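As a plain string of letters, each chain reads:
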Amino acid sequence: MDRLPLLTGLLTAWALLTAQVARGEEPFSLPLECQLESARWQPCTLTVERLGEHWWLQVGGRRLDFHHDGRGQIELQDAAREPRLVQPHWRSEQALCWGGICAKGALPLD
């Protein structure tokens, strides 16, 4: 599998995000694909308010907020459930997941 397009997309998104953040133009949003609890992949939007600290995924009418405490813990806040701690992990289809929430595309990585 050719990973060059993915790497190029990630680097481009990272460069754009870094430039936006450096200029104080937060939050920054970009389109991705998301999967909720093994359902079908669907369009979503990632918005980063504070890089590495607070971001959210908008999947249809559902907003999933993520807060990183700076010590390795990520809390997911979802109006449909109680806040919970989630661990990030990569899946084989180059998707980044937090608990049962996955996203793929030009993800900005910090």
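A quick note: this is a predicted structure, and the numbers were derived from the prediction, not measured. (Residues numbered from 1 in each chain as written. Predicted model: local features only at pLDDT ≥ 70, side-chain atom pairs only at ≥ 80, totals over all residues. Heavy atoms only, no water.)

A.B. asks: So what's going on with the overall build of the protein chain? Residues and values would help.
C.D. replies: For the protein chain, the count of helices and strands is one helix and nine strands. Counting from the amino terminus, the protein chain carries its helices and strands in the arrangement α-β-β-β-β-β-β-β-β-β. Among the 110 residues that make up the protein chain, the fraction classed as buried is 33%. A separation of at least 24 residues holds for 34% of the contacts in the protein chain among residues at least 6 apart in sequence. Split by element, the accessible area of the protein chain, about 6500 Å² in all, is 55% carbon and sulfur. (Helix = DSSP H or I, 4+ residues; strand = E, 2+ residues; numbered from the N terminus. Buried < 20%, exposed > 50% of the residue type's maximum accessible area, 1.4 Å probe, protein only. Contact = heavy atoms within 4.5 Å. Areas by Shrake-Rupley, 256 points an atom, 1.4 Å probe, with all protein chains shown as cover.)

A.B. asks: Explain the nonpolar core residue by residue, including any values.
C.D. replies: Membership of the largest hydrophobic core comes to 21 residues, with the highest contact counts inside it found for Leu 32, Leu 57, Leu 64, Phe 66 and Trp 98. For this core, the elements supplying multiple residues, two or more each, are β1 (28-36), β2 (42-50), β3 (54-59), β4 (62-68), β5 (74-78), β8 (95-98) and β9 (101-104). For Phe 66, the residues in contact, after removing those within four places along its chain, are Glu 53, His 54, Trp 55, Trp 56, Leu 57, Ile 74, Glu 75, Leu 76, Val 86, Trp 98 and Ile 101. (Core = buried A, V, L, I, M, F, W, Y, C linked by side-chain atoms within 4.5 Å.)

A.B. asks: Explain the pattern of salt bridges to me, using residue names and the numbers behind them.
C.D. replies: Counted by the stated rule, this structure contains eight salt bridges. Across the salt bridge formed by Glu 53 and Arg 50, the nearest N and O atoms sit 3.2 Å from each other. Of the residues examined, Arg 50 reaches a relative accessible area of 36% and is grouped as partly exposed. Arg 71 is paired through a salt bridge with Asp 69; the nearest N and O atoms lie 3.4 Å apart. The exposure class of Asp 69 is partly exposed, given its relative accessible area of 33%. When salt bridges with common partners are traced through the structure, they connect Glu 37, Arg 81 and Arg 84 into a single cluster. (Salt bridge = Lys/Arg side-chain N within 4 Å of Asp/Glu carboxyl O.)

A.B. asks: Go over the state of the cysteines with me, naming the residues and quoting the values.
C.D. replies: Under the criterion given, the structure shown has two disulfides. Covalent S-S linkage joins Cys 34 and Cys 44, the inter-sulfur distance amounting to 2.0 Å. Every disulfide takes its handedness from the sign of the S-S torsion; for Cys 34 and Cys 44 that torsion is 65°, giving right-handed. With Cys 34 in strand β1 and Cys 44 in strand β2, the pair connects residues that are 10 residues apart, well separated along the chain. (Disulfide = S-S within 2.5 Å.)

A.B. asks: Break down the sheet that holds β5 for me, citing the residues and quoting the values.
C.D. replies: Strand order across the open sheet formed by nine strands is β6-β5-β4-β3-β2-β1-β9-β8-β7, with antiparallel pairing between neighbours. In this open sheet, the two edge strands, each paired with only one partner strand, are β6 (81-86) and β7 (88-91). Pairs of neighbouring strands in the sheet enclose a mean axial angle of 30°, with direction left out of account. (Pairing = 2+ DSSP bridges. Axes fitted to C-alpha atoms, helices over the stretch in contact; angles between N-to-C directions.)

A.B. asks: Kindly report on the packing of aromatic side chains, identifying the contributing residues and their values.
C.D. replies: Any aromatic ring pair is given by two values, namely how distant the centres are and how the planes are angled relative to each other. For the structure on display, the rule yields three aromatic pairs. Considering the side-chain rings of Trp 55 and Phe 66, the 5.6 Å spacing of their centres and the 5° angle between planes classify their relative orientation as stacked. Taken together, the residues Trp 55 in strand β3 and Phe 66 in strand β4 connect sequence positions 11 residues apart. This pair shows no difference in class: Trp 55 is buried, exactly as Phe 66 is. Here Trp 55 and Trp 98 contribute two aromatic rings whose centre-to-centre distance is 6.3 Å and whose plane-to-plane angle is 50°, an arrangement assigned as tilted. With Trp 55 in strand β3 and Trp 98 in strand β8, this pair connects stretches of sequence that are 43 residues apart. For the pair shown, Trp 55 and Trp 98 are each scored as buried. Clustering of aromatic rings is evident, with ring pairs tying together Trp 55, Phe 66 and Trp 98. Here the basic side chain of Arg 63 rests over the ring of Trp 56, its NZ or CZ set 3.7 Å away from the ring centre. The aromatic ring of Trp 41 is capped on one face by Lys 104, whose charged end is 4.4 Å from the ring centroid. (Phe/Tyr/Trp six-rings, centres within 6.5 Å; stacked < 30°, edge-to-face > 60°. Lys NZ or Arg CZ within 6 Å of the ring centre and 35° of its normal.)

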